[in-house]
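# Residue-level structural notes
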Amino acid sequence: MALKDLPKYRDIRKSIRKNGEFPIVGTAVKDTHVIHHSMTKQGLQGSTPEGFANTHIDKNGWPGIAYAFVIMPDGTIYHCNNLDLRTFHAGDTNTRSIGTCLVGDFRKDGAAEKPTAEQIEALYLLNKELYKLLPNMKRTIGHQECPGYSWKNCPGDTWNYKDVIAGKGMAAAKQTVLEGWKKENSKWYFYEAGKKQTGWIKDKSRWYYLDSAGVMKTGWIKYKEKWYYLNTDGSMATGVIQDKGKLYYLNQNGSMAADSKVNVILKAGKDGALTP
């Protein structure tokens with residue numbers, strides 16, 4: 001497996017903001033993978049590779065984002081810098097290391113977050129791939145293990161990165177990745193590989209519609225200029241239905257039928273209601 005083949009891998013090296021160039025030192029000197037956490041709450045505006053790049057450029061005066069990789073809560077791995085660069089993420093360890101940052105604040109005295117199951121899986125796979133890609137890679141450490149950074153609670157104390165890179169958290173991670181339907185705050189959502197789905201989905205031969213926030217819809221919806229009716233369980237209705245005392249005919253694809261497609265025994269009015 002190559003980096004580009006990792007699940008949810010995105011290469012943004014050419015598009016992420018820069019203000020100069022980091023020194024090139026080559027990949028032969030890279031023997032250390034340093035793990036960070038962003039110390040910014042998951043989901044917070046700016047807790048993104050672009051947000052980190054802006055901070056590192058505008059506040060720190062650096063050429064760009066300090067990390068080679070950023071792992072988002074949904075497990076997306078953003079590739080931000082070439083591996084042969086000396087980026088500024090770990091002081092005296094910069095030259096020999098590759099820096100990966102997991103988005104979140106994993107300090108017990110902070111936001112008390114933990115890496116998501118998706119982040120755990122992504123970090124395990126990324127770390128494993130770096131050892132294949134970089135022939136001299138020999139250790140993975142936390143930021144606070146770098147010389148001069150023992151004072152810094154990074155990558156946090158609400159998790160153990162050593163268990164993750166050893167694969168101990170993989171089974172639990174896969175078990176906790178959300179799949180299928182889940183009710184949250186009285187609303188239903190559908191997950192695939194831990195990610196909320198939107199639009200039309202098919203589950204056990206029935207069709208459902210989820211809005212842009214992932215919420216399952218019921219009742220009438222208009223989609224691409226056609227009307228559909230979703231039952232109280234969210235499933236798409238077909239055939240003749242009754243709503244508020246009126247009958248309607250829905251095609252096999254769920255769309256409300258026009259006059260020409262209604263059974264000759266029934267007639268559809270302008271509003272789609274059927275009458276004998």
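Residues numbered from 1 in each chain as written. Predicted model: local features only at pLDDT ≥ 70, side-chain atom pairs only at ≥ 80, totals over all residues. Heavy atoms only, no water.

## Focus: the confidence of the model for the protein chain
- Of the residues in the protein chain, 88% reach a pLDDT of 70 or more, and the chain-wide mean stands at 89.
- A low-confidence stretch, residues 260–265 (pLDDT under 50), is modelled with eight contacts involving residues beyond four sequence positions or located in other chains. (pLDDT = per-residue confidence, 0-100. Contact = heavy atoms within 4.5 Å.)

## Re the nonpolar core
- Counting residues in hydrophobic clusters, the biggest one holds 28 residues, and the most contacted among them are Phe 69, Ile 77, Leu 83, Ile 98, Leu 126 and Trp 159.
- If you list the elements that add at least two residues to this core, you get strand 2 (32–37), strand 3 (69–71), strand 5 (97–102), helix 2 (117–133) and helix 3 (161–165).
- In this structure Leu 126 touches Leu 3, Leu 6, Phe 69, Ile 71, Ile 77 and Thr 100, once residues within four positions along its chain are discounted.
- Ranked by size, the runner-up nonpolar core spans 13 residues in total, among them Ile 12, Met 72, Tyr 78 and Val 103. (Core = buried A, V, L, I, M, F, W, Y, C linked by side-chain atoms within 4.5 Å. Buried < 20%, exposed > 50% of the residue type's maximum accessible area, 1.4 Å probe, protein only. Helix = DSSP H or I, 4+ residues; strand = E, 2+ residues; numbered from the N terminus.)

## Some points on helix 1 (residues 49–58)
- Looking only at helix 1, the buried set comprises Pro 49, Gly 51, Phe 52, Ala 53, His 56 and Ile 57.
- Against strand 3 and strand 4 (77–79) lie the buried residues of helix 1.

## A few points about the sheet that holds strand 6 (residues 139–142)
- The six strands are arranged 1-4-3-5-2-6 in an open sheet whose pairing can be described as mixed. At either margin of the open sheet sits one strand with a lone partner, and together these are strand 1 (9–11) and strand 6. Neighbour-to-neighbour, the strand axes of the sheet open up by a mean angle of 20 degrees, direction not taken into account.
- Direction of pairing for strand 3 relative to strand 5: parallel, over a ladder of three bridges. For Ile 71, the partnering residue across the bridge sits in strand 5 and is Leu 102. (Pairing = 2+ DSSP bridges. Axes fitted to C-alpha atoms, helices over the stretch in contact; angles between N-to-C directions.)

## Quick word on the pattern of salt bridges
- Going through the model one piece at a time under the given rule, you end up with 10 salt bridges.
- Across the salt bridge formed by Asp 11 and Arg 13, the nearest N and O atoms sit 2.7 Å from each other.
- By relative accessible area, Asp 11 is classed as partly exposed at 41%.
- Between Glu 113 and Lys 41 there is a salt bridge; the shortest N-O distance is 3.5 Å. (Salt bridge = Lys/Arg side-chain N within 4 Å of Asp/Glu carboxyl O.)

## A word on the sheet that holds strand 9 (residues 195–196)
- Spatially, three strands are ordered 7-8-9 in an open sheet, and the strand pairing comes out antiparallel. Among the strands making up the open sheet, the edge pair consists of strand 7 (180–184) and strand 9.
- Summarising the sheet, strand 7 and strand 8 (residues 187–192) pair through five bridges and their orientation is antiparallel. Bridge pairing in strand 8 links Gly 180 to Tyr 191.

## Details of the pairing of strand 15 (residues 246–250)
- Alignment of strand 14 (residues 239–243) against strand 15, held across five bridges, turns out to be antiparallel. Across the sheet, residue Val 240 finds its bridge partner in strand 15, namely Tyr 249.
- What sits between the antiparallel neighbours strand 14 and strand 15 is a turn of two residues, in which Lys 244 has the positive phi angle 55 degrees.

## Concerning the environment of Ile 77
- Here Ile 77 lies in strand 4.
- You can call Ile 77 buried: its relative accessible area is 1%.
- Considering only alpha carbons, one finds Ile 77 and Ile 12, 65 residues apart in sequence, at a separation of 10.0 Å.
- The contacts of Ile 77, once residues within four sequence positions are left out, are Leu 6, Pro 7, Lys 8, Tyr 9, Arg 10, Phe 69, Val 70, Ile 71, Ala 122 and Leu 126.

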